[in-house]
Amino acid sequence: MQQKSLSASLLEILLPLALIFGLVLLLSLNVEQTHQTEAAQAPLESWLKLIVGYLAATAEISAALVIGLAVIRGILLYLLQTFSRSRQHIDSTEVVRLQLGRVLALGLEFTVASDILRTAVAPTRQDILNLGAIVLLRTLLNYFLEREIQQVEQSRSKSYQNAEQPENTP
């Protein structure tokens, strides 16, 4: 049991450090871009770039809508809980944070999809490095967000179990 907790704690430390190191490494690389002229591009490639541009813009708009609506919903729920005369204000604040965290993780996935789409057609080496840095950064944010959500859910389930145990014991 102690061996598992030691390896799990090492993984929790080493994974974010590796992601941060990779991000710093990618951002420190400076590759000169070779500019292609529009005449050198094939007609099919220009059409493909146009279509992929629209798809990427759709993914970005979707991310903005998902996150924006979640923020508005979170603010409304928070205000309702703040002005209600409930004693469960702290617990409801955690619920709002968890809901917003889940939606932020979804929004991050949409933005990563948008960046991947933008880099999909005839990328340069610098485009690929920029995409790698963006994906690493967003993965790091998503990792910490998911970790916090799991910790809060585990603590909430433990508190509910502890609240139910005295009632069941004779």
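Computed from a prediction, not measured in an experiment: that's the story for all the values here.

Conventions we followed
Residues numbered from 1 in each chain as written. Predicted model: local features only at pLDDT ≥ 70, side-chain atom pairs only at ≥ 80, totals over all residues. Heavy atoms only, no water. Helix = DSSP H or I, 4+ residues; strand = E, 2+ residues; numbered from the N terminus. Areas by Shrake-Rupley, 256 points an atom, 1.4 Å probe, with all protein chains shown as cover. Salt bridge = Lys/Arg side-chain N within 4 Å of Asp/Glu carboxyl O. Buried < 20%, exposed > 50% of the residue type's maximum accessible area, 1.4 Å probe, protein only. pLDDT = per-residue confidence, 0-100. Contact = heavy atoms within 4.5 Å.

Q: Would you mind going over the overall build of the protein chain with me for this structure?
A: Secondary structure summary: the protein chain contains 4 helices and 0 strands in total. Its helices and strands in sequence order give the protein chain the pattern α-α-α-α, from N to C terminus. Summed over all atoms, the accessible surface of the protein chain reaches about 12600 Å², with 66% contributed by carbon and sulfur.

Q: What exactly am I supposed to notice about the pattern of salt bridges here?
A: Where side chains of opposite charge bring their charged atoms close, a pairing between them can arise. Across all of its chains, the model carries 2 salt bridges by this definition. Of the charged contacts in the structure, one is a salt bridge between Arg118 and Glu60, with a shortest N-O distance of 3.2 Å. You can see Arg118 sitting in helix α3 (residues 89-120) and its partner Glu60 sitting in helix α2 (residues 43-83), a full 58 residues away along the chain. Taking relative accessible area as the criterion, Arg118 reaches 42% and is therefore assigned partly exposed. Overall, Glu60 belongs to the partly exposed group, its relative accessible area being 35%. In this structure, the salt-bridge partner of Glu148 is Arg97, at a minimum N-O distance of 2.0 Å. Pair noted here: Glu148 is in helix α4 (residues 125-168) and Arg97 is in helix α3, with a separation of 51 residues, a long-range link.

Q: Explain the confidence of the model for the protein chain to me, please; I cannot follow it from the model alone.
A: Low pLDDT marks stretches whose predicted atomic positions should not be read closely. For the protein chain, per-residue confidence averages 78 on the pLDDT scale, and residues scoring 70 or more make up 81% of the total. The lowest-confidence element of the protein chain is helix α1 (residues 2-28), averaging 71 in pLDDT; the highest-confidence one is α2, averaging 90.

Q: Looking at this model, I keep getting lost on the side chain of Thr111. Mind explaining?
A: Note that Thr111 resides in helix α3. Beyond its immediate chain neighbours, meaning those up to four positions away, Thr111 contacts Ala63 and Arg138.

Q: What is the right way to look at the environment of Val24 in this model?
A: Residue placement: Val24 occurs in helix α1. Assessed through its relative accessible area of 52%, Val24 is described here as exposed. Sequence-wise, Val24 and Ala133 are 109 residues apart; in three dimensions their C-alpha atoms are separated by 8.1 Å.

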